[in-house]
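# Observations on the three-dimensional arrangement
Here are the chains, one letter per residue:
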2 protein chains.
Amino acid sequence: MTEFHVRAVGRVESPLTDPATAPKQGDEGAPESTIVFEPEVAEALADLRPGTDVIVLTWLDRADRDVLAVHPRGDGSRPLTGVFSTRSPHRPNPIGLHRVTIAAVDGLRVRVRDLEALDGTPVLDVKPVLGDPADR
Amino acid sequence: MTEFHVRAVGRVESPLTDPATAPKQGDEGAPESTIVFEPEVAEALADLRPGTDVIVLTWLDRADRDVLAVHPRGDGSRPLTGVFSTRSPHRPNPIGLHRVTIAAVDGLRVRVRDLEALDGTPVLDVKPVLGDPADR
């Protein structure tokens, strides 16, 4: 399979350190956390504003990339399901997709709500939530 | 910046070949297209079903990764904006995020609606749309 390189444009600082007890999705009780961006991408984040929702893409660096099917949510009573039909972190390309709310911006440090990523998780990208086509 | 490797788990087959005339988002007139997956990930896509909406992540292989700010939608009358506040394909990690509807599944070939990716675009991942927490 063809490979490409992604690079960390920042990292998550979070009180979450244990995958076993972290919430499975950001709206299931994630604490506030901070994305600390690399100085090289300062210009890319210059227009992020508190109070807006954005989509954060992360690199789930503790995932197992050889897993192709899982029991959803680790519940062994549920049938094995192809990972493209689950949000399991274990998948060929472990890219996390998170909708978060920006709480504060302080230079390269962006405080966010509802991010369930573990402390130290690399961040790959931030994108605006798409609204109505007429407003784009 | 730390680097990671992603690999193409499939490719887009689409009538879209020219970035200049392709729709900017999938709900702005994208034609039907087909994702052709690699045989190695067959198990991961085994539970994809026609009629459902999924999120497809692509690798926008014709993007310029050195761009940090753009005029939104290529409109020079709009102010330069940090790419993390835009959906520009030009950004440090050119990962495309697309919400599509599955029209048909035939082995490794998955036909989808509303995918604006160009012909040949590598596919990195497919994820279910998150519904109500109680239904996960």
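Residues numbered from 1 in each chain as written. Chains lettered and ligands numbered in written order. Predicted model: local features only at pLDDT ≥ 70, side-chain atom pairs only at ≥ 80, totals over all residues. Heavy atoms only, no water.

An unreviewed UniProt entry lists chain A under the name tRNA (N6-threonylcarbamoyladenosine(37)-N6)-methyltransferase TrmO, from Virgisporangium aurantiacum. The UniProt entry for chain A carries the following comment under Sequence similarities (unreviewed entry): "Belongs to the tRNA methyltransferase O family." (UniProt positions renumbered as here; feature names shortened; annotations may be inferred.)

A word on the pattern of salt bridges. For side chains of opposite charge, pairing can occur when their charged atoms come near one another. All names here are of chain A. Counting across every chain of the model gives 18 salt bridges over all chains. The salt bridge involving D61 is made with R62; its shortest N-O contact spans 3.2 Å. Taking relative accessible area as the criterion, D61 reaches 35% and is therefore assigned partly exposed. For R62, a relative accessible area of 45% gives the class partly exposed. Linked by salt bridges that have partners in common, E32, R111 and R113 make up one network. (Salt bridge = Lys/Arg side-chain N within 4 Å of Asp/Glu carboxyl O. Buried < 20%, exposed > 50% of the residue type's maximum accessible area, 1.4 Å probe, protein only.)

What follows is about the interface of chain B and chain A. Of the residues lining the interface, 53 residues belong to chain B; the matching set on chain A comes to 53 residues. When chain B packs against chain A, close to 5600 Å² is buried across both sides, 57% of that on carbon and sulfur atoms. Our count for the chain B to chain A interface comes out at two salt bridges. Here the side of chain B that touches chain A is composed, by residue class, of 28 nonpolar, eight polar and 17 charged. The pairing of strand β1 (residues 3-7) of chain A with strand β1 (residues 3-7) of chain B spans five bridges and is classified as antiparallel. Paired with E3 of chain A across the strands is R7 of chain B, a residue of β1 of chain B. (Contact = heavy atoms within 4.5 Å. Buried area = accessible area lost by both parts, 1.4 Å probe. Nonpolar A, V, L, I, M, F, W, Y, C, P; charged D, E, K, R; others polar. Pairing = 2+ DSSP bridges. Helix = DSSP H or I, 4+ residues; strand = E, 2+ residues; numbered from the N terminus.)

All names here are of chain B. Read around the barrel, six strands follow the order β2-β3-β8-β7-β4-β9 and close on themselves; strand pairing throughout is antiparallel. Adjacent strand axes in the sheet meet at a mean angle of 45°, parallel and antiparallel pairs treated alike. In the sheet, strand β3 (residues 33-37) pairs with strand β8 (residues 109-113) via four bridges, with the strands oriented antiparallel. Looking across to β8, one finds that I35 is bridged to V110. (Axes fitted to C-alpha atoms, helices over the stretch in contact; angles between N-to-C directions.)

Look at D114 of chain A: it is not a glycine, yet its phi comes out positive at around 70°. You can see D114 of chain A is positioned in the loop between β8 (109-113) and β9 (122-128).

For the coordinates displayed, the defined rule picks out four aromatic pairs over all chains. On the basis of an interplanar angle of 35° and a centroid distance of 5.7 Å, the ring pair of F37 of chain A and F84 of chain B is categorised as tilted. With one member in each of two chains, F37 of chain A in strand β3 (residues 33-37) and F84 of chain B in the loop between β6 (81-82) and β7 (95-106) form a pair that bridges those chains. Residue F37 of chain A shares its accessibility class with F84 of chain B, and that shared class is buried. (Phe/Tyr/Trp six-rings, centres within 6.5 Å; stacked < 30°, edge-to-face > 60°.)

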